[in-house]
There are 2 protein chains.
Amino acid sequence: MKITIKDIAEKAGVSTTTVSHILNNKGSRFSEETRQRVLKVVDELNYQPDFFAQNMIMKKSRTIGMIVPDVTDLFFSKLIEGVESYFNSLGYMIILCNSKHDPKLEEKYFQQLVYRSVEGIIIATPNILSEKILKNDDVLRRHIPLVLIDMGKNPREQGKLLVEEYQGVYSGVKYFIEMGHQKIAFIQEVGDYYQLSERITGYLNCLEDYNIDYNPQLISEGPLTMQGGYQATKQVIEQSQKDFTAIFCSNDQMAVGAYQALLEADLRVPDDVSVIGFDGLEIARYMAPALTTVYQPTFDIGFYAAKFILDAIENPKQRIPNKIFETKLLVRDSVKRLTN
Amino acid sequence: MKITIKDIAEKAGVSTTTVSHILNNKGSRFSEETRQRVLKVVDELNYQPDFFAQNMIMKKSRTIGMIVPDVTDLFFSKLIEGVESYFNSLGYMIILCNSKHDPKLEEKYFQQLVYRSVEGIIIATPNILSEKILKNDDVLRRHIPLVLIDMGKNPREQGKLLVEEYQGVYSGVKYFIEMGHQKIAFIQEVGDYYQLSERITGYLNCLEDYNIDYNPQLISEGPLTMQGGYQATKQVIEQSQKDFTAIFCSNDQMAVGAYQALLEADLRVPDDVSVIGFDGLEIARYMAPALTTVYQPTFDIGFYAAKFILDAIENPKQRIPNKIFETKLLVRDSVKRLTN
DNA sequence: TACTTTTAGTAAAACGCTTTACTAGAAAAT
DNA sequence: ATTTTCTAGTAAAGCGTTTTACTAAAAGTA
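Thresholds, definitions, all that
- Residues numbered from 1 in each chain as written.
- Chains lettered and ligands numbered in written order.
- Predicted model: local features only at pLDDT ≥ 70, side-chain atom pairs only at ≥ 80, totals over all residues.
- Heavy atoms only, no water.
- Pairing = 2+ DSSP bridges.
- Helix = DSSP H or I, 4+ residues; strand = E, 2+ residues; numbered from the N terminus.
- Axes fitted to C-alpha atoms, helices over the stretch in contact; angles between N-to-C directions.
- Contact = heavy atoms within 4.5 Å.
- Buried area = accessible area lost by both parts, 1.4 Å probe.
- Salt bridge = Lys/Arg side-chain N within 4 Å of Asp/Glu carboxyl O.
- Near = heavy atom within 4 Å.
- Polar contact = N/O pair within 3.5 Å; in protein donor to acceptor, adjacent residues only side chain to side chain.
- Nonpolar A, V, L, I, M, F, W, Y, C, P; charged D, E, K, R; others polar.
- Least-squares fit on C-alpha atoms with pLDDT ≥ 70 in both.
- Buried < 20%, exposed > 50% of the residue type's maximum accessible area, 1.4 Å probe, protein only.
- Arc of directions from axis to C-beta.
- Parallel < 35°, antiparallel > 145°, perpendicular 65-115°, else oblique.
- Left-handed = near helix turned anticlockwise from the far one by under 90°.

The name recorded for chain A in an unreviewed UniProt entry is LacI family transcriptional regulator, from Vagococcus humatus.

Shown next, in the form of structure tokens:
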């Protein structure tokens, strides 16, 4: 069946100890002659040590678990790219779990990852996580580093990677206002409304700071998808009877849907309605007109998540840092200056 | 440290054999009393068997390796979703590798996956793979099922999942012609031109069948990305001095870039130039105007890849089937009927 | 009663590696 | 010449399971 270290040892006329030592550059020195002989046999038989046998002793799975709600979401795939890119050269591999936004599945995956002895876990989700995840016995006992990219939804002391959502939205809405807009709509993630996420707070506070009355008819919600943005925008159009000049979308994908909904309602971007998105995905640049959007460094977030995990693996005593990423308004062509 | 089966056995006053048997419902029957006692201890100590120790004996890693060139590419992320969705409930997990279109990296990942004893490998790539992958000793010896989603690029007898690219493109170009177009541009993947892929052959043959002269100035290439489509379209515009009325894009993402390039050149879609894409991604529906595109069942391809792998795992003797997926032209608003 | 069968379990091997502790013989030191 | 040190290795334990082959005691049977 599989070639084992024993086969190599036998064929090279040495002990398994010797083979192991030579392969791992450990222990006492060996004569160049035996070294070559062993290496030659290894090469001839195309021997590779058994991953499981090795791990049983060394307890280094060199595997990271990552849970995302939707791989096809451009934000999360960019994040995955960042994570993968860091682990790439280091011999770590990632087990990817697509939770489909289902908390039950997230929990199941989490447990499976723990069972598989991953050395670290990254959970990216806008959902509330259960105690079973956040205070998992195994994870605590075995010091498995956990990093959350969760928009600040879950209480946690370390390993939180956040984006300045509040400031991001605030700067976008402020930009609308500075461009002369007063009737500013806001479409956001489902379920967020009542729990007042950072994003909507940024919106509300900015309005307040500029003494603009908040109009509930200008707010609507939907999933953070193109379809979601389309529906939510349609709803805003109906609710307000087209009485708005700007719309802030909780992410770029919603903005794509918003464009469509506006077009169908005979509202032109930006002549009739100005639009701002959030994320700064590649697609934003290619929308017509190019979308003004609040950029967040998605790739970097993934990259840092990976880095923090790795640091924590190498330094188990240390706590995992938190990090807040800045946003930046990318001004493009989807916002019109209002001259009234 | 970790709780082992020995701890459980000791605390429950039985042998490890008993614990193992009870946990796996194997071997002779045990009295309900001991069963409960063992189970209780297992629960109390929150015991989980060690994945590596188990695998060492059972040799079932329940892990699948998947290599894609770019996770952020909507086609591949959809594929991943399909694969993940099939393995999801079955306790299999997938190790995801993002090769960045680098053949060297593909080979390295492949070897790592083999080393990690994955039970199956799915490679989705438009690249030529090395012999080291296609005729890998380990994979052959250990009968690791391999499925290729490679647009037919690599010679292989089994485990090939293909799409009717030729027919897809042909039907799109034919549609252009039926709508009165004669000057039809084609933008395609880099490097494909000289190796005459299925896609360009579909284009060329269709032109020929309708007695339309093929004009090399109407062909251009770029990566299968928005940026790539943008550049390639720009090039076509220059080369032909705007002398074309339609453009076929090798994928939807290129079409997004094409829209942008056309817009910048003051060419309106579809009034001045009609556009067709390939893939049928969600985004196509939200483009303005909505993109007419050749749909391919991306999710299903992933799903079947997973299914075939699993069938092959359960049935090692059997060969892995090939499968060809049909395409379908989704007519939307990006093609104008020419009346001349 | 004396044998057989069943019940309820156990001991020990095996999986394929790494690692610790040891050693025979050669070379160096006294 | 004897002891010490160095060289080039090896034997065997151990990692945490599963599994095979076995067994003592209880129950059933003739």
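Caption draft 1: Just the sheet that holds strand E6 (residues 184–189) of chain A, in detail. Residues and elements named next belong to chain A. The mixed open sheet is built from six strands, whose spatial order is E7-E6-E8-E9-E10-E12. Single-partner strands in this sheet number two, and they are strand E7 (219–222) and strand E12 (328–330). Between one strand and the next, the sheet's axes are offset by a mean angle of 20 degrees, whatever the strand orientation. As judged from the four bridges shared by E6 and strand E8 (residues 246–249), these two strands associate in the parallel manner. Bridged to alanine 185 within E8 is isoleucine 247. Each of E6, E7 and strand E9 (274–279) touches helix H10 (residues 198–209); the most contacted strand, E6, lies at about 165 degrees to it.

Caption draft 2: Fine view of the interface of chain B and chain A. Counting residues at the interface gives 64 residues for chain B and 64 residues for chain A. Interface area, chain B with chain A, both sides summed: about 5600 Å², of which 56% is carbon and sulfur. When the area that chain B buries against chain A is broken down by residue, the three leading residues are Phe52(B), Met93(B) and Tyr286(B), summing to 15%. Linking chain B with chain A are zero salt bridges, by the criterion used here. Every element with two or more residues in the side of chain B that touches chain A is listed here: helix H4 (51–58), helix H5 (74–88), strand E2 (93–98), helix H6 (103–115), helix H8 (137–141), helix H11 (226–240), helix H12 (252–264) and helix H13 (282–286) of chain B. Pairing between strand E2 (residues 93–98) of chain A and E2(B): three bridges, direction antiparallel. Within E2(B), the residue paired with Leu96(A) across the bridge is Ile94(B).

Caption draft 3: View of the pattern of salt bridges. Scanning the model with the defined rule gives 31 salt bridges over all chains in all. Overlapping salt bridges bring together Lys11(A), Lys40(A) and Glu44(A) as one network.

Caption draft 4: Structural detail: the protein's contact with DNA strand D. In the neighbourhood of DNA strand D, 28 residues make up the surrounding shell, with Thr18(A), Ser28(A), Ile5(B), Ser20(B) and Ile57(B) lying closest. When the atoms of DNA strand D within 4 Å of the protein are grouped by moiety, sugar and phosphate amount to 53% of the total. At 3.3 Å, a side-chain N or O of Asn24(B) approaches a phosphate oxygen of DNA strand D. Asp50(B) places a main-chain nitrogen or oxygen 3.3 Å from a phosphate oxygen of DNA strand D. Contributions of two or more residues to the surface near DNA strand D are made by helix H2 (16–24) and helix H4 (51–58) of chain A together with helix H2 (16–24) and H4 of chain B. Of the residues belonging to the surface near DNA strand D, the class tally is eleven nonpolar, 13 polar and four charged.

Caption draft 5: Main features of the relation of the copies chain B and chain A. For the pair chain B and chain A, the best superposition has an RMSD of 0.1 Å and corresponds to a rotation of 180 degrees with a translation of 0.0 Å parallel to the axis. These values place the two chain copies in the arrangement generated by a two-fold rotation axis. Ranked by how close their C-alpha atoms come to the rotation axis, the residues of chain B are headed by Ile95(B), at 2.2 Å. The residues that chain B uses at the interface reappear at the interface of chain A in 100% of cases, marking a shared surface.

Caption draft 6: The arrangement of unusual backbone geometry in detail. A cis amide bond links Ala288(A) with the next residue in sequence, Pro289(A), at an omega value of 0 degrees. Among the structural elements, Pro289(A) can be located in the loop between helix H13 (282–286) and strand E10 (292–295). Of note, Lys242(B) is a non-glycine position whose phi angle comes to about 65 degrees, a positive value. Checked against the element boundaries, Lys242(B) lands in the loop between H11 and strand E8 (246–249).

Caption draft 7: Here's a closer look at H4(B). Of all the positions in H4(B), only Phe51(B), Phe52(B), Gln54(B) and Asn55(B) are classed as buried. Summarising the axial view, the buried residues of H4(B) lie within an arc of 160 degrees, below the 170-degree limit, and thus occupy one face. Each element contacted by the buried residues of H4(B) is listed here: H4 and helix H6 (103–115) of chain A. The residue sitting at the N-terminus of H4(B) and contributing the capping side-chain oxygen is Asp50(B); that oxygen lies 2.9 Å from the backbone nitrogen of Phe52(B). Trailing H4(B) by a residue or two, Lys59(B) shows a phi angle of about 55 degrees, which is positive.

Caption draft 8: Spotlight on the sheet that holds strand E9 (residues 274–279) of chain B. Residues and elements named next belong to chain B. Pairing is mixed across the open sheet formed by six strands, whose spatial order is E7-E6-E8-E9-E10-E12. Of all strands in the sheet, those bounded by a partner on one side alone are strand E7 (219–222) and strand E12 (328–330). When the angles between neighbouring strand axes are averaged without regard to direction, this sheet yields 20 degrees. The strands that helix H10 (residues 198–209) touches are strand E6 (184–189), E7 and E9; relative to E6, the one it contacts most, it runs at about 165 degrees.

Caption draft 9: Quick peek at the packing of helix H5 (residues 74–88) of chain A against helix H14 (residues 298–314) of chain A. All names here are of chain A. Where H5 meets H14, the closest approach of the two axes is 7 Å, and the angle between their N-to-C directions is 40 degrees. Overall, the two elements H5 and H14 adopt an arrangement that is oblique. Seen along the crossing, H5 lies across H14 with a hand that is right-handed. Between H5 and H14, the residues in contact are Phe75, Lys78, Leu79, Glu81, Gly82, Val83, Ser85, Tyr86 and Phe87 and Thr298, Phe299, Ile301, Gly302, Phe303, Ala306, Lys307, Ile309 and Leu310, respectively. A per-class count over the contact of H5 with H14 returns eleven nonpolar, four polar and three charged.

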